[in-house]
Amino acid sequence: MSEKTEAAANAARPLDSTDTAIGFHPLIRVRDLVKNYVSGEETLYILRGINFDVEQGSTVAISGQSGSGKSTFLNIIGALDRFDSGSVEAAGTNISGLSESGLSSYRQRSIGFIFQFHYLLKDFTAVENVMLPAYMTGMRKKDAIEKAKILLCDMKLDDRLDHFPSQLSGGERQRVAVARAMVNDPDIILADEPTGNLDPKNSAMVAELLYAGAEKWSKTLIVVTHDEKVACRAKIRYVLENGLLGPAQISSFGGIN
Ligand SMILES: Nc1ncnc2c1ncn2[C@@H]1O[C@H](COP(=O)(O)OP(=O)(O)OP(=O)(O)O)[C@@H](O)[C@H]1O
Ligand SMILES: [Mg+2]
């Protein structure tokens, strides 16, 4: 068993009392997570009892066929979507019983989102797009701008700070979106196909900067991706299949079986 496969197998197992004794305190702890969609007469069983633990500061990649439930799973951890049964604890919050306003403050405090599309505000510059979430939640303007500049420099956009989205390439826009996801200092970054719209070269660059940024700022990163090269940079890899997460089996050709 490769090191990564073994790590995934270990992380996939349920925790027991000895884990606490040996100091394993997951930042994300999902138990028996079930999510169904009912449409008309039909029930779609999407997530069928997922158990999932992620250590603080870890990087995790989740792959799986289209429609397997990857976005649904990520959205549940990010409190964008409700679930039917089970429990989700993340960043010290049990989100199972939270009200709408509780969920909203959990999202604001603990989660940074990155999607396939950048969702930048077109009338605002790169710095403004990044500083706004911090400024809107109470950071002083000067400090928010300073933080935005630091994050954009991490994303190698030093010379694009005052560009509008229309003046940026696809890869650059996505790097602004990565900086924006980090500006409020969330514990967890959730990235759903962050390189899905990019060519291979830009995809590799955005992925490397995303992982490096997460490591530099001690973020816990979960990336959903179809791209083998993006997935293989993660410490731990899973495949979502038949409603359950299993360790990714890495073949000798580098693909997932
Ligand atoms: N609101 C909804 N109502 C009914 N079914 C839904 C709803 N949202 C998602 N689904 C179904 O749930 C399944 C999982 O969707 P999800 O978007 O999580 O898949 P995914 O693994 O992210 O796929 P992709 O790789 O194409 O992004 C799909 O079959 C989808 O059609
Ligand atoms: Mg999806």
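Residues numbered from 1 in each chain as written. Chains lettered and ligands numbered in written order. Predicted model: local features only at pLDDT ≥ 70, side-chain atom pairs only at ≥ 80, totals over all residues.

Student: Could you give an account of the sheet that holds strand β3 (residues 59-63), naming the residues involved and the relevant values?
Tutor: Spatial strand order, β6-β7-β8-β3-β9-β10: 6 strands in an open sheet with mixed pairing. With one partner strand each, in any of the chains shown, β6 (111-114) and β10 (244-247) form the two edges of the open sheet. With direction set aside, neighbouring strand axes in the sheet form an average angle of 20°. Of the pairings in the sheet, the one linking β6 to strand β7 (residues 188-192) comprises 4 bridges and is parallel in character. Residue pairing in the sheet places Gly112 in a bridge with Ile189 of β7. (Pairing = 2+ DSSP bridges. Helix = DSSP H or I, 4+ residues; strand = E, 2+ residues; numbered from the N terminus. Axes fitted to C-alpha atoms, helices over the stretch in contact; angles between N-to-C directions.)

Student: Describe the environment of Phe113, listing the residues and the values that go with them.
Tutor: As for its placement among the helices and strands, Phe113 is situated in strand β6. The class for Phe113 is buried, based on 20 C-beta atoms found within 10 Å. Residues Phe113 and Ile189, spaced 76 residues apart in sequence, show a C-alpha to C-alpha distance of 5.9 Å. If we ignore the near neighbours within four places in the chain, the residues touching Phe113 are Gly78, Ala181 and Leu190. (Buried ≥ 20, exposed ≤ 12 C-beta atoms within 10 Å, placed from the backbone. Contact = placed C-beta atoms within 7 Å.)

Student: If you had to explain the pairing of β3 to someone new, which residues and values would you point to?
Tutor: By the criterion of burial, β3 is predominantly enclosed, with 5 of the 5 residues buried. Going residue by residue along β3, you find Thr59, Ala61 and Ser63 tucked away on one face and Val60 and Ile62 tucked away on the opposite face as well. Of the pairings in the sheet, the one linking β3 to strand β8 (residues 220-224) comprises 4 bridges and is parallel in character. The residue bridging Ile62 from the neighbouring strand is Val224, located in β8.

Student: Would you mind going over the site of ligand 1 in detail, with residue names and values included?
Tutor: Near ligand 1 the following residues occur: Tyr37, Ser39, Leu44, Ile46, Gly64, Ser66, Gly67, Ser68, Gly69, Lys70, Ser71 and Thr72. For the shell around ligand 1, the secondary structure elements donating two or more residues are β1 (26-39), β2 (42-55) and α3 (70-77). No other element matches the 3 residues that α3 contributes to the shell around ligand 1. Considering only residue class, the shell around ligand 1 consists of 3 nonpolar, 8 polar and 1 charged. (Near = placed C-beta within 6 Å. Nonpolar A, V, L, I, M, F, W, Y, C, P; charged D, E, K, R; others polar.)

Student: Let's hear about the nonpolar core: which residues, and what values?
Tutor: Within the largest apolar cluster, 64 residues are counted, with the highest numbers of intra-cluster contacts made by Val130, Leu152 and Ala179. Tallying contributions element by element places helix α7 (residues 170-182) first for this core, with 6 residues. In this structure, Leu152 is in contact with Ala126, Val127, Val130, Leu157, Leu161, Val176 and Ala179, ignoring residues within four places of it in sequence. (Core = buried A, V, L, I, M, F, W, Y, C linked by C-beta atoms within 7 Å.)

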